[in-house]
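Residues per chain, in single letters:
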Amino acid sequence: MRSPVSVHGVSRPLKAVRPSFLIRTFSQPLFAQSIRLRSTLSKIWVPTGGVSPTEGETGHGKLIRAGFLRQAQSGVFQLLPLGLRVQDKIERLVDKHMHNLGASKLALSTLTTEELWRKSGRLDKVSPELFRLSDRKGVPIMLSPTHEEEITSLVASTLRSYKDLPLKLYQITRKYRDEIRPRHGLLRSREFIMKDLYTFDLTIESAVETYRDVAAAYSAFFSDLKLPILVAEASSGDMGGEHSHEYHLSHAIGEDTVAACSSCGYTANDEVATARSSRQLEGAITPLDFGIWRGITKDRTTLVNVWYPRLETNGFLLEDGWNIHAVKSVVPELDNTVRDTETLWKEAVHQAQGQSGELRLLNVIDSRLATAFEKLSGELPLFPAGLDIDHVPQTSITQTPDSQDLNLLRIVDGDGCPRCETGKLEVHRALELGHTFLLGTRYSAPLEATVALPQNPGVQVPVQMGCFGIGVSRILGAVAEQLADDKGLNWPRAIAPFEVVVIPSSGVNEQTLEFYDSLTKRDGGVATGLDVVLDDRKEAFGWKMQDADMTGYPVVIVLGKAWREKGLCEVQCRRLSVKENVKAEDVPGYVTALLARL
């Protein structure tokens, strides 16, 4: 029995009131209710109008035109619903392989302190790329470009015993780098999404084993994406450590250069790649055969001449055919960021004021020129014109630190592989999608992540670390560049915003929804089959078909006249060049088989 309510002293019984929104819901046709349980494009914000295609449109341009993202400012992008679906699928795929690896997921703060980075010794090396600010108390803080310092500090505060190891901890989070020139959309941005895994082991042997396990997980991850990845030996750079590998997707827009052997599988980033160059100077060597590049060391006390043979490559004489990485291998203190070297030379000479021992000249000589250099040095421009500093002492380098012949030429297609006798190198422009480092004690030592070994409990030793990154947002941009064609985007099944789009040539009715359900195998309102979206928008059929091509769904199913009259669906897959009429009852199996190839 309902309790009465008193109004102005008069008791009145309460009446049951049905909310108006419930009345509207139950008064609607069952058809209108059921369509809301399904993925339909009329319910997803996809702003596709107002952006015109450009000549030579890139994958990034297609992402904008198809309504996946918009630019907020230079190097900063807003992900729209379709773009976020792709990013979420990449993250879920990462989660699957990290779970299989036995890694635990966490989330570290975007804010970090300069003090922590100063303690690791990395602050000054990377400071130009940092977003730096201060809190209200004047404490200097930063937006994290990466999290080695934070994770090491966290683990250091929790380690109690060697029995706590090994540890595998990962996160998927936003990173920030103040890029000097953001470009290529998501491929070089100032804010980006990255997965970073950090591992902690007791010994170097177990750390190497962990490194191999992660490499296997990465291989499985990229295999799921069905991307032709090049795994390249790489430099550790500012990260430090002994072993480093990059995961590249070959593409002309890439900013990296990777050399790969056609025979033995040797693959390396051009920073560490070497070659057995078969290119030789013919006949007597003259001063015209000497190419020169001038440099200077970071302390401005050593002037550097780099002498390399001027040889034709593919019929062209390259004036910049020297390899800066080969030079850095023998002159690690070289400042290769300098552009106006001669001005710096003159300033160094002026500051030295002719004092003995203040400056020296270092000649770095390709081994093919070494003998001729001794004979012809008097005819070569050892110093820039107008710079008379003959009193400066000279030294020369003609071999690598391990006493190998010094090859200063840039690696080109056809150079011999350094690992096998028969292989030839192929040079690729490439997009870096992942990078792995075996850090050793680079961070654990200065940040005191230590444990006592069982055989010597009185002595604390730093743990062995590894760092493993995957660029989540970069994969989104790279796949768009790699797989787009003249019609639009073209996603792999694993990360497509939807695997299948159903496009009726006329309006949506109960039969359309029944067919949709046969693909998704809806059970009590829960989808258990294919990831399908229905294009129920009030647009022309031709417009919908063009939009489906631009969006890049792996499979398009057209419900046209043949479906209405004969129960035949037109199944299209642009990447596999498939366009077939299939019986409606056979479509789920047929589409599943197509998707397995994507």
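Residues numbered from 1 in each chain as written. Predicted model: local features only at pLDDT ≥ 70, side-chain atom pairs only at ≥ 80, totals over all residues. Heavy atoms only, no water.

Moving on, we get to the overall build of the protein. Summing up its helical and strand segments, the protein has 16 helices and 29 strands in all. Residue burial in the protein is summarised as follows: out of 598 residues, 48% are buried. Contacts in the protein between residues far apart in sequence, at least 24 positions, make up 70% of those at least 6 positions apart. Carbon and sulfur atoms make up 49% of the accessible area of the protein, which amounts to about 30,000 Å² in all. (Helix = DSSP H or I, 4+ residues; strand = E, 2+ residues; numbered from the N terminus. Buried < 20%, exposed > 50% of the residue type's maximum accessible area, 1.4 Å probe, protein only. Contact = heavy atoms within 4.5 Å. Areas by Shrake-Rupley, 256 points an atom, 1.4 Å probe, with all protein chains shown as cover.)

This part takes up the sheet that holds strand β26 (residues 532-534). Read from one edge of the open sheet, five strands run β26-β25-β27-β28-β29, paired in mixed fashion. The open sheet has two edge strands, β26 and β29 (578-583), and neither has a second partner. If you compare each strand with its neighbour and ignore which way they point, the axes differ by 25° on average. Both strand β28 (residues 568-573) and β29 contribute to a ladder of six bridges, which runs antiparallel. Residue pairing across strands places Q572 opposite K579, the latter belonging to β29. Its contacts with the sheet put helix α13 (residues 510-520) on β25 (500-504), β26, β27 (555-559) and β28, and the angle it makes with β26 is roughly 170°. (Pairing = 2+ DSSP bridges. Axes fitted to C-alpha atoms, helices over the stretch in contact; angles between N-to-C directions.)

Before going further, it helps to examine the sheet that holds strand β20 (residues 394-397). Strand order in the open sheet formed by four strands is β15-β16-β19-β20, and the pairing between neighbours is mixed. In this open sheet, the two strands that pair with only one neighbour each are β15 (290-296) and β20. Strand-to-strand twist across the sheet, computed as the mean angle between neighbouring axes with direction ignored, equals 20°. Sheet topology places β15 next to strand β16 (residues 302-309); seven bridges connect them, and they run antiparallel. When the sheet's bridge partners are listed, F290 is paired in β16 with P309. Contacts from helix α10 (residues 341-352) reach β15, β16 and β19 (360-365), with the element oriented near 55° to β15.

So, about the environment of D335. The topology assignment puts D335 in the loop between α9 (324-330) and α10. Take D335: its relative accessible area is 12%, and that puts it in the buried class. The sequence separation of D335 and T297 amounts to 38 residues, and the corresponding C-alpha distance is 5.1 Å. Residues in contact with D335, not counting those within four places in the same chain, are I296, T297, K298 and R300. Side chain to side chain, D335 and T337 meet in a polar contact 2.5 Å long. (Polar contact = N/O pair within 3.5 Å; in protein donor to acceptor, adjacent residues only side chain to side chain.)

A few words on the pairing of β27. Most of β27 sits out of view: five of its five residues are buried. Side-chain alternation along β27 places V555, I557 and L559 on one buried face and V556 and V558 on a second face that is also buried. Of the strand pairs in this sheet, β25 and β27 are connected by five bridges, and their pairing is parallel. Paired with V501 across the bridge in β27 is V556. Sheet analysis places β27 next to β28, joined by three bridges and oriented antiparallel. Of the residues in β28, the one forming a bridge with V556 is Q572.

Looking now at the side chain of H435. Tracing the backbone shows H435 in strand β21 (residues 425-440). Since its relative accessible area comes to 13%, H435 is described here as buried. Only 3.2 Å separates the side chain of H435 from the side chain of E432, close enough to count as a polar contact. For H435, the residues in contact, after removing those within four places along its chain, are A234, S235, S244, H245, E246, Y247, C467, F468 and G469.

Both faces of the sheet carry side chains from a regular strand, because those side chains alternate between them. Most of strand β10 (residues 191-201) is tucked away, with 11 of its 11 residues classed as buried. Burial along β10 is two-sided: the face carrying E191, I193, K195, L197, T199 and D201 and the face carrying F192, M194, D196, Y198 and F200 are both buried. Where strand β9 (residues 167-176) and β10 come together, 10 bridges link them in antiparallel fashion. Each bridged residue has a counterpart across the sheet, and for Y170 the counterpart in β10 is L197.

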